[in-house]
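Chain and residue survey
Residues per chain, in single letters:
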Amino acid sequence: MQIIQGSLQHITQGSVCALGNFDGVHRAHQEIISRIKIIAMGTKKTGVITFHPPPVSVLHKNEILFLTTRSEKEAILAALGVDFLYYFNFDEKFAQQTPEEFADLIYQSIKPAVVVVGENFHFGKGRRGNARILKEMAQGKYEVEIVPKIKDEEGVISSTRIRELLLLGHIPRANQLLGREYSITGEVIKGKGKGTLLGFPTINLRIAKEKLLPLDGVYEVKVEFSNQIYTGAMFLHHNQIEVHILGFCGNLYGTQVTIKFLHRLRGIKKFPNDESLKKAIIQDIQKITHC
């Protein structure tokens, strides 16, 4: 997948593109990606048009947490078979564009044949533009196809809804809406060594500060590194991430490790002594191994 930042390139001309923020690249986003591939029919290049930094991080001064970091989003889109990813640089000046200016910018910068957008997409100063307006403004330059909101039995599938589920610890439901297991990737760093003293050595992870973490608790997880997959028990508390990897013994300092969330086993508890904590860890592992 080719990554392009703000410049017209041959690969983008006459392409079929999805347009949006795509935080999480969840099932509704995947439906849009599927649609551009169907339209392209293998005869046109497919692309995703998005923004960096994400608009919400520019328009809102509070710290924003995301379902996917930039590198995670790029990896997922590449796996979905997109030919290119086009970034518009989103800053205060960009945010002041009128809907008309943005619709024309797409043509001048990319020259796509077709742009596919979700029904709830908004753009331009004050979010005055929407999918229907984009379709009107693009006439004579490129076609616009609008994908209706993707719903399940509980409502519209959205990044906001997935965030809420993760922050409540409802991991299986969030994973259903994502279409994959929610994951974090980080570097293994040195911890205090308390797990080793208890007989359950752990790895400590440092992750991107903008990455959303689920509700504090103890989780059943998958641990992936060096093309290997292990089962793990994760302790998550106030951005402290410790994972005991079942069946693994070794030094992973400096290694990039991906953690995939499966289930929340319990909340955080205080234990009166190390022996009580050790018993709780044993019970957590027994739940994971079902023995």
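Just above sits the structure.
Now for a description of the structure that goes with this document. (Residues numbered from 1 in each chain as written. Predicted model: local features only at pLDDT ≥ 70, side-chain atom pairs only at ≥ 80, totals over all residues. Heavy atoms only, no water.)

Things to note about the sheet that holds strand β5 (residues 114-118)
Spatial ordering of the open sheet is given by β1-β4-β3-β2-β5-β8, a layout of 6 strands whose pairing is parallel. Whereas interior strands pair on both sides, the edge strands pair on one side only; in this sheet they are β1 (2-5) and β8 (143-147). On average, adjacent strands in this sheet sit at an angle of 25° to one another, irrespective of strand direction. Strand direction decides the pairing type here: strand β3 (residues 46-52) and strand β4 (residues 84-89), joined by 6 bridges, are parallel. Looking at the pairing, V48 lines up with L85 of β4. Sitting on the sheet, helix α5 (residues 99-110) is in contact with β2 (16-19), β3, β4 and β5, with an inclination near 130° to β4. (Pairing = 2+ DSSP bridges. Helix = DSSP H or I, 4+ residues; strand = E, 2+ residues; numbered from the N terminus. Axes fitted to C-alpha atoms, helices over the stretch in contact; angles between N-to-C directions. Contact = heavy atoms within 4.5 Å.)

Notes on the pairing of strand β12 (residues 203-207)
The two faces of a sheet get side chains in turn, since along a regular strand they alternate between them. For β12, a buried count of 4 out of 5 residues is recorded, marking the element as mostly surrounded by other parts of the structure. As paired strands, strand β11 (residues 183-189) and β12 are joined by 4 bridges and run antiparallel to one another. The residue of β12 that forms the bridge with G186 is I207. (Buried < 20%, exposed > 50% of the residue type's maximum accessible area, 1.4 Å probe, protein only.)

Section: the nonpolar core
Core analysis: the biggest nonpolar cluster contains 31 residues, and I184, M234, I241, V243 and I259 have the highest contact counts within it. Looking at this core, the elements with two or more residues in it are α7 (159-167), α8 (171-178), β11, β12, β13 (217-225), β14 (228-237), β15 (240-245) and β16 (256-266). I11, F51, F84 and F94 belong to the second-largest nonpolar core, a separate cluster that totals 27 residues. (Core = buried A, V, L, I, M, F, W, Y, C linked by side-chain atoms within 4.5 Å.)

Observations concerning the environment of H263
Following the sequence through the fold, H263 ends up in strand β16. In sequence terms H263 and H170 are 93 residues apart; their C-alpha atoms lie 7.8 Å from each other. Filtering out sequence-adjacent residues up to four positions away, H263 remains in contact with I171, P172, V218, Y219 and E220.

Some remarks on the packing of α7 against α8
Helix-helix packing: each pair is described by the crossing angle between the helix axes and the interaxial distance. The interhelical angle for the contact between α7 and α8, taken along N-to-C directions, is 160°, at an axis separation of 8 Å. By the angle between their axes, α7 is roughly antiparallel relative to α8. Viewed along their axes, α7 and α8 form a crossing whose handedness is left-handed. Taken together, the residues of α8 that come into contact with α7 (itself represented by R161, I162, L165 and L166) are I171, R173, A174, L177 and L178. Residue composition of the contact of α7 with α8, by class: 7 nonpolar, no polar and 2 charged. (Parallel < 35°, antiparallel > 145°, perpendicular 65-115°, else oblique. Left-handed = near helix turned anticlockwise from the far one by under 90°. Nonpolar A, V, L, I, M, F, W, Y, C, P; charged D, E, K, R; others polar.)

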